[in-house]
Amino acid sequence: MAATYILPLKAICNLSASVVFRFRGPLALGAILPQTRMVTGFFAFFKNLPEQHRFNEWLVRDTSKKIRAVKRSKGMSGKPVTSKPVYGYLMDEDENFIIDEEAAPVVKQIYSLCLAGNGPTKIARMLTEQEIPTPGTLEYRRTGSTRRYHPGYECRWATNTVAH
């Protein structure tokens, strides 16, 4: 059993067109109130509009442009664009990067080993053998964050860590 409702869109959302709602299903139409059928069909119709996809894309594109503009202006003014400083730096109260005195010698060692012709894998092996704490271990000791901390592997450097 099927029923068709023709409702003027002008009454619903101030448009001068009509919408045709069709309902098909195992239930008899008398079991569902006409208002419920109309509202359900209305939302089902507008959910699947091809224009809705465009509106969603516009919102995402507009938000992306705004985020890029904010990051660009922060970068041009000399402020950091990231919330977490890279290994070898800390962030002070004014959101400026300051050199991390504990990690600075390790960063210098990584650069000198790289300039000597060693790759990330060999550098990671050397740092592990010297039992130098990883960036995740330092973060855990300072903040208690277990995001990049691996118990039992406090000094085991990964190739990705060295490369990044």
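Residues numbered from 1 in each chain as written. Predicted model: local features only at pLDDT ≥ 70, side-chain atom pairs only at ≥ 80, totals over all residues. Heavy atoms only, no water.

### What about the overall build of the protein?
On a plain count of helices and strands, the protein comes out with seven helices and four strands. Overall, the protein shows an N-to-C arrangement of helices and strands of β-α-β-α-α-β-β-α-α-α-α. Scored against the burial criterion, the 164 residues of the protein give a buried share of 20%. Long-range contacts, defined here as pairs at least 24 residues apart, represent 32% of the contacts in the protein between residues at least 6 apart. For the protein, the accessible surface area stands at approximately 12500 Å², while carbon and sulfur atoms represent 58% of it. (Helix = DSSP H or I, 4+ residues; strand = E, 2+ residues; numbered from the N terminus. Buried < 20%, exposed > 50% of the residue type's maximum accessible area, 1.4 Å probe, protein only. Contact = heavy atoms within 4.5 Å. Areas by Shrake-Rupley, 256 points an atom, 1.4 Å probe, with all protein chains shown as cover.)

### Things to note about a nonpolar patch on the surface
A cluster of nonpolar side chains, contributed by Val86, Tyr89, Phe97 and Ile99, occupies part of the molecular surface with about 390 Å² of accessible area. Relative to the helices and strands, Ile99 is located in strand β4 (residues 97-99). (Patch = residues over 30% accessible without salt bridge, like charges linked within 9 Å, V, L, I, M, F, W, Y side chains within 5 Å. Salt bridge = Lys/Arg side-chain N within 4 Å of Asp/Glu carboxyl O.)

### Description of the pattern of salt bridges
The full count for this structure, using the stated rule, is four salt bridges. Two residues, Lys66 and Asp62, come together in a salt bridge whose shortest N-O distance is 3.4 Å. Note that Lys66 and Asp62 are positioned in helix α3 (residues 50-76) at a spacing of four residues, about one turn of the helix. Of the charged contacts, one joins Lys84 and Glu139 as a salt bridge, the two residues approaching to 3.4 Å between their closest N and O atoms. Taken as a pair, Lys84 in the loop between α3 and β3 (89-91) and Glu139 in helix α6 (residues 135-143) lie far apart in primary sequence, 55 residues in all. For Lys84, a relative accessible area of 47% corresponds to the partly exposed category. Classification of Glu139 as buried rests on a relative accessible area of 11%. Several salt bridges share partner residues, and in doing so they unite Asp100, Glu102 and Arg142 into one network.

### Structural notes on the side chain of Thr137
With respect to the helices and strands, the residue Thr137 is situated in helix α6. There is a polar contact of 2.9 Å between the side chain of Thr137 and the side chain of Thr134. Residue contacts for Thr137: discarding those within four places in its chain leaves Tyr149 and Glu154. (Polar contact = N/O pair within 3.5 Å; in protein donor to acceptor, adjacent residues only side chain to side chain.)

### A closer look at the nonpolar core
In this structure, Val106, Ile110, Leu113, Ile123, Ala124, Leu127, Ile132, Trp157 and Val162 together form the largest nonpolar core, which totals nine residues. What Ile123 contacts, discounting residues up to four positions off in sequence, is Ile110, Leu113, Cys114, Asn118 and Val162. (Core = buried A, V, L, I, M, F, W, Y, C linked by side-chain atoms within 4.5 Å.)

### Some words on helix α5 (residues 120-129)
Within the sequence span of α5, burial applies to Ile123, Ala124 and Leu127. In an axial view of α5, the angular spread of the buried residues amounts to 100°, which keeps them on one side of the axis. Among the structural elements, α4 (104-115) and α7 (159-163) are those in contact with the buried residues of α5. Downstream of α5 by one or two residues, Glu131 has phi in the positive range, about 55°. (Arc of directions from axis to C-beta.)

### Regarding α6
Note: α-helices contain 3.6 residues per turn, so residues at a spacing of three or four share the same orientation. Among all positions in α6, only Pro135, Gly136, Thr137, Leu138 and Glu139 are buried. Turning to α6, the residues buried within the fold contact α7. Two residues or fewer after α6 comes Gly144, characterised by a positive phi angle close to 85°.

Geometric descriptors of this kind do not, in isolation, establish any biological role.
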